[in-house]
Amino acid sequence: MRDGAQIHDANDRLAPLRSLFDLPPDKVYLDGISLGAMPRVACAAVQQVMLQQWAGDLIASWNKHDWIDLPRIVGEQIAPLVGAASGQVLCADTISVNLFKLLASALELRPGRSVILLAENDFPTDGYIAQGLAHMLGNDRCQLRRVPATKLEEALDGDTAVLLLSEVNYRSGERYSMRELTRAAHEAGALAIWNLAHSAGAMPVYLDACKADFAVGCGSKFFNGGPGAPGFLYVAERHQNVVQPLSGWFGHRHPFSFEERYRAGEGVQRFQAWTPPILSMAAMHAALRVFDGVNLDTLRSKSLALTDAFLDGLQSSGIAAEFRCLTPRDHTRRGSQVSLAHEQGWGISQALIERGVIVDFRAPDIVRFGFAPLYNRFADVATALSTLQSVLDERAYEDARYAACPAVT
Ligand SMILES: *Cc1c(COP(=O)(O)O)cnc(C)c1O
């Protein structure tokens, strides 16, 4: 395994990118699906913004250093990474806030239809936000329907206003067909909102080509924008005249005219609600430069090769028999992680972390091994497998210290 890993790493065209990140040398980091590693340029950029722009140029920086335009500028950096032509992506807020705006907009575009269709076991915040909207608007304007992901197509009907789905499921790592499900939604007269939290930055995404209506995504995962990084939203050009409910001053056509009456801005700008967090945006702006010149098909191939190597190693070592593997073998249906379910999942994840293999745990029993193709190596796969083997052999997960779960897993 180790020799094979060395050869793979030596032949990996993306291998030099790892040196762009500041990673602890004694750890194997497999949690870029939750918090991406820190690009060195992000650190330098934040320091520069603080010490030179903020401290030195103070309020003049809004114009002088284009702070005012960062949501659009960073949105344009993200656009080619998600298959969107210019003018449709804005870097702002978080997934939850952006979903609130976009779900409300989608309902506005589908009067007479009230159902938001979701998949069971998708990321909870999507459903929570939809529930909040249903409570606010009332059930005749907005209600939720949740079905297993395999039943989404047949659940689409004349009441469905919008289908909301993650392209890659956070628990299982299963990837769904954006092309087919968007087409099915449109054939039923509904719109499609895609959550790109676990796909963008790990593989090519084809929003325009799949005719997606709206999308949201995260800055802190595969985009490496830092903890609490701003997210992004995509609004297909054909929908940009819709009203969105968070009509704050930065979405106004002329924020600094200080008019009493709200007039929505042009294009995607109206989806911005308020003052952007400049320090976080500066980190994100710099972090995305790591993607300059990276071919997304090469990135995807490496991601699949990493998860293939891990899945193959689980099989050949016999470890696979100890777990229920939730991640599909089929390449077209796989994201950039491997999820293994085990009764002792919490203890196993903690024992791995203590031995330097950083994974995470998702309730009730899932250990997630995330592979970030920008910086993970085939050697990381080999170390993860041998460490997992020793944790199981020694039953290290039974340690009494792993009896209680902390607030953040
Ligand atoms: C990480 C993640 C989120 C995070 O939501 P925020 O509002 O940005 O905190 C939402 N949805 C999915 C699918 C995620 O993976």
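Further up the page is the structure itself.
Residues numbered from 1 in each chain as written. Predicted model: local features only at pLDDT ≥ 70, side-chain atom pairs only at ≥ 80, totals over all residues. Heavy atoms only, no water.

Undergrad: Before we go on, may I ask you to explain a negative patch on the surface in this structure?
TA: Judged by side-chain charge, Glu153, Glu154, Glu180 and Glu187 come together as a negatively charged surface patch. Sorting the residues of the negative patch by element identifies α7 (152-155) and α8 (178-187) as the ones contributing at least two each. Here Glu154 is to be found in helix α7. (Patch = residues over 30% accessible without salt bridge, like charges linked within 9 Å, V, L, I, M, F, W, Y side chains within 5 Å. Areas by Shrake-Rupley, 256 points an atom, 1.4 Å probe, with all protein chains shown as cover. Salt bridge = Lys/Arg side-chain N within 4 Å of Asp/Glu carboxyl O. Lys, Arg positive; Asp, Glu negative; His and termini not counted. Charge placed at Lys NZ, Arg CZ, Asp CG, Glu CD. Helix = DSSP H or I, 4+ residues; strand = E, 2+ residues; numbered from the N terminus.)

Undergrad: Sorry, what's going on with the layout of surface pockets here?
TA: Of the volumes computed, that of the largest pocket is approximately 770 Å³. Around the largest pocket, the lining comprises 30 residues; the ones closest to its centre are Glu174, Arg175, Tyr176, Ser177 and Arg333. Looking at the lining of the largest pocket, the elements with two or more residues in it are α7, α8 and α10 (296-317). Taken together, the residues that form the lining of the largest pocket break down as 11 nonpolar, 7 polar and 12 charged. By volume, the second largest pocket amounts to about 320 Å³. Around the second largest pocket sit 25 residues that line it, and Ile95, Phe123, Ala197, Cys218 and Lys221 are the ones nearest its centre. (1 Å grid on protein atoms, 1.4 Å probe; cavity = no way out; pocket = protein on both sides within 12 Å on 5 of 7 lines; lining within 4 Å. Points joined across faces, edges and corners; volume = space filled by probe spheres on them. Nonpolar A, V, L, I, M, F, W, Y, C, P; charged D, E, K, R; others polar.)

Undergrad: Where do I start with the sheet that holds strand β9 (residues 214-217) in this structure?
TA: By definition, the strands of a sheet pair up through backbone hydrogen bonds, in either a parallel or an antiparallel sense. Spatially, the 7 strands line up as an open sheet ordered β4-β10-β9-β8-β7-β5-β6, and their pairing is mixed. The sheet is open, and its two edges are formed by β4 (89-91) and β6 (143-147), each paired on a single side. Strand-to-strand twist in this sheet, taken as the mean axis angle between neighbours without regard to direction, amounts to 20°. Relative to strand β10 (residues 232-235), β9 runs antiparallel, the two being bridged by 4 bridges. (Pairing = 2+ DSSP bridges. Axes fitted to C-alpha atoms, helices over the stretch in contact; angles between N-to-C directions.)

Undergrad: How should I be thinking about the pattern of salt bridges in this particular structure?
TA: As enumerated under the stated definition, the model contains 22 salt bridges in all. The closest approach of N and O atoms between Glu398 and Arg395, which form a salt bridge, is 3.1 Å. Judged by its relative accessible area of 48%, Glu398 falls in the partly exposed class. Classification of Arg395 by relative accessible area gives partly exposed; the value is 46%. Members of the salt-bridge network, linked through shared partners, are Asp308, Asp312, Arg329 and Arg334. (Buried < 20%, exposed > 50% of the residue type's maximum accessible area, 1.4 Å probe, protein only.)

Undergrad: When you look at helix α2 (residues 40-57) in this model, what are you seeing that I'm missing?
TA: Because an α-helix completes one turn every 3.6 residues, residues spaced three or four positions apart along the sequence face the same direction. Its 18 residues give α2 an end-to-end C-alpha distance of 24 Å, which sits within 8% of 26 Å, the value for a rise of 1.5 Å per residue. The principal kink in α2, of about 30°, is found at Val49. If you check which residues of α2 are buried, you get Ala42, Ala45, Val49 and Gln53. Contact partners of the buried residues in α2: β3 (38-39), α3 (61-64) and α9 (278-287). At the C-terminal side of α2, Leu58 shows a positive phi close to 45°. (Expected span 1.5 Å × (residues − 1). Bend = angle between axes of the 7 residues up to and from the residue. Contact = heavy atoms within 4.5 Å.)

Undergrad: What should I look at first to understand the nonpolar core in this one?
TA: Most often, soluble globular proteins have nonpolar side chains that are buried together. Grouped together as the largest cluster of nonpolar side chains are 66 residues, with contacts concentrated most on Ile78, Val82 and Leu196. Contact partners of Ile78, with chain neighbours within four places excluded, come to Val89, Cys91, Phe223, Phe232, Met284 and Leu288. Grouped together as the second largest cluster of nonpolar side chains are 33 residues, Leu311, Val359, Ala382 and Ala384 included. (Core = buried A, V, L, I, M, F, W, Y, C linked by side-chain atoms within 4.5 Å.)

Undergrad: Can you help me understand the site of the ligand in this one?
TA: Close to the ligand lie Thr94, Ile95, Ser96, Phe123, Thr125, Asp126, Ser166, Asn195, Ala197, His198 and Lys221, which account for all nearby residues. One of the side-chain nitrogen or oxygen atoms of Lys221 is found 2.5 Å away from an oxygen atom of the ligand. About the coverage of the ligand: the protein hides 81% of its 390 Å² of free accessible area. Spatially, the ligand is embedded in the second largest pocket. The set of elements that each furnish at least two residues to the shell around the ligand consists of α5 (95-109) and α6 (124-137). (Near = heavy atom within 4 Å. Polar contact = N/O pair within 3.5 Å; in protein donor to acceptor, adjacent residues only side chain to side chain. Sits in = over half its atoms within 2 Å of the grid points.)

Undergrad: Could you clarify how one ought to interpret a nonpolar patch on the surface in this entry?
TA: Residues Met50, Leu51, Trp54, Leu58, Ile59 and Leu279 make up a contiguous nonpolar surface patch of about 640 Å² in total accessible area. In terms of residues, the nonpolar patch owes the most to one element, α2, which gives 3 residues. Relative to the helices and strands, Ile59 resides in the loop between α2 and α3.

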